[in-house]
Amino acid sequence: MLHARLLRYIDEVARRGSIRKAAQHLNVASTAINRQIIAYEQEIGTQLFERLPRKVRPTAAGEILLAHIRRTLKEHERARAEISALQGLQGGAVTIATFENLAANLMPQVSQGFRRSHPRVQVHVFSVFGQQLASGLASGEWDLALGYNVSTTPGSSVLYQCETRLGAVVATSHPLASETSVRLSDCIAYPLIVGDETMSIYGIIHDAFAQANLNFQPQIVSNSVSFMKHLARRQEGITFMTRVDIAEERTRGELVYVPIRDQFVKPQPLSLIYRKNSTLRSAVSRLAEEIKLAIEPLLQ
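I will try to describe carefully the structure that is included in this document. All of these numbers come straight from a predicted model, not from anything done at the bench.

What counts and how
Residue positions are counted from 1 within each chain, in the order its sequence is given. Note on the predicted model: pLDDT of at least 70 is required for a residue's local features to be given, and 80 or more for side-chain atom pairs to be given and counted; whole-chain, interface and lining totals, by contrast, use all residues. To obtain the side-chain values, all non-hydrogen atoms of the structure were included, while hydrogens and water were left out. When accessible area is computed with a 1.4 Å probe and restricted to protein chains, residues below 20% of their type maximum are described as buried, those above 50% as exposed, and intermediate ones as partly exposed. Secondary structure elements follow DSSP: runs of H or I of four or more residues count as helices, runs of E of two or more count as strands, with numbering from the N terminus. Between any two strands, at least two bridges found by DSSP are needed for them to pair. Two rings belonging to Phe, Tyr or Trp (six-membered ring only in the last case) form a pair when the distance between their centres is within 6.5 Å. Interplanar angles under 30 degrees mark stacking, angles over 60 mark edge-to-face geometry, and anything in between is tilted. Side-chain atoms alone can form a polar contact between residues adjacent in sequence; in general such a contact is a pair of N or O atoms within 3.5 Å, and within protein one must be able to donate a hydrogen while the other accepts it. Any two residues having at least one pair of non-hydrogen atoms within 4.5 Å are treated as being in contact. Any Lys or Arg side-chain nitrogen found within 4 Å of a carboxyl oxygen on Asp or Glu counts as a salt bridge.

## Re the pairing of strand β7 (residues 167-171)
In terms of burial, β7 is largely enclosed, as five of its five residues are buried. Note: β7 against strand β10 (residues 238-241), three bridges, orientation antiparallel. Of the residues in β10, the one forming a bridge with Val 169 is Thr 239. One ladder, built from four bridges, connects β7 with strand β11 (residues 255-258); its direction is antiparallel.

## Let's talk about the packing of aromatic side chains
A complete count under the given rule lists four aromatic pairs for this structure. With a centroid separation of 6.4 Å and 80 degrees between ring planes, the pair formed by Phe 209 and Phe 240 is classed as edge-to-face. Within this pair, whereas Phe 209 is found in helix α9 (residues 200-211), its partner Phe 240 is found in strand β10, the two being separated by 31 residues in sequence. Neither Phe 209 nor Phe 240 differs from the other in exposure class; each is buried. Among the aromatic residues, ring-to-ring pairing joins Tyr 202, Phe 209, Phe 216 and Phe 240 into one connected group.

## Brief notes about the side chain of Thr 59
Tracing the backbone through its elements, the reader meets Thr 59 in the loop between β2 (56-58) and α4 (60-86). Side-chain polar atoms of Thr 59 contact the backbone oxygen of Gln 47, separated by 2.7 Å. In contact with Thr 59, not counting residues within four places along its chain, are Gln 47, Leu 48, Phe 49 and Glu 50.

## Points about the pattern of salt bridges
Throughout the structure, instances matching the rule amount to 13 salt bridges. Residues Glu 41 and Arg 51 are paired through a salt bridge, measuring 3.0 Å at the closest nitrogen-oxygen approach. Note that Glu 41 is positioned in helix α3 (residues 30-44) and Arg 51 in strand β1 (residues 49-51), a separation of 10 residues in sequence. A salt bridge links Arg 233 to Glu 249, with the shortest nitrogen-to-oxygen separation between them at 3.9 Å. Taken together, the positions of Arg 233 in helix α10 (residues 225-233) and Glu 249 in helix α11 (residues 247-251) put the pair 16 residues apart, joining distant regions of the chain.

All we've got here are geometric facts, nothing functional implied.
Below, the structure is given as structure tokens:
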């Protein structure tokens, strides 16, 4: 690869049509530029510039080399910009849409770590429903979207995906809290608190009870994850969530996740997606990596 300084010399001479003018613009002695260009011409065995009385112009070989030089310089500038963004040297913003429970439990930790490394980059986190997540991603409103069962969102590509499972979520003082695992049949002895039909949780739990030949009669139905967790903390019943959904409550010793042994409870893939064919900026890639690093310990 040509030395970066020589690349700029050749490019500037071609743009200015004169070694003297290029030297003035670059604040370099014209003899230094001319000497390096001549040395390289001797190395490759052909002239890059035709020397005319008052100007120079690229030869056919020079035009070929210039196309390569300009591509290289452009890529170099792009790489420098990305490195600067990675180091938090530049500003900007990253926008992510996710579900309420993930916004409350996962994203505070993620944004804290990201902002510590990139203090000049703003992080915008929006709590949305599934349909909003898909439409905002398609329109470019979000850089990233994180959610359950969203990997097939039209026009999206998956950056990261992991398998999660719904478990019985109960207060630490609940009779089932000390169990290593439970069956759905163990849960029906207590009030059931479930998400409503707009949430994927409802369909998964409803179908699992049906396949287990158990009567599915939830006592409380809500579209608010916070409300359901609040009731579970008060030992008002059992709700069904993933380990990720109750990360904060598990850390504080308020809620317990108990795995469900029944195979009827289908996995719930958690996916980080972005708009298909869009270019990922460095800051977006770094936030995506922070999310991945934050999720993996929560699956244990």
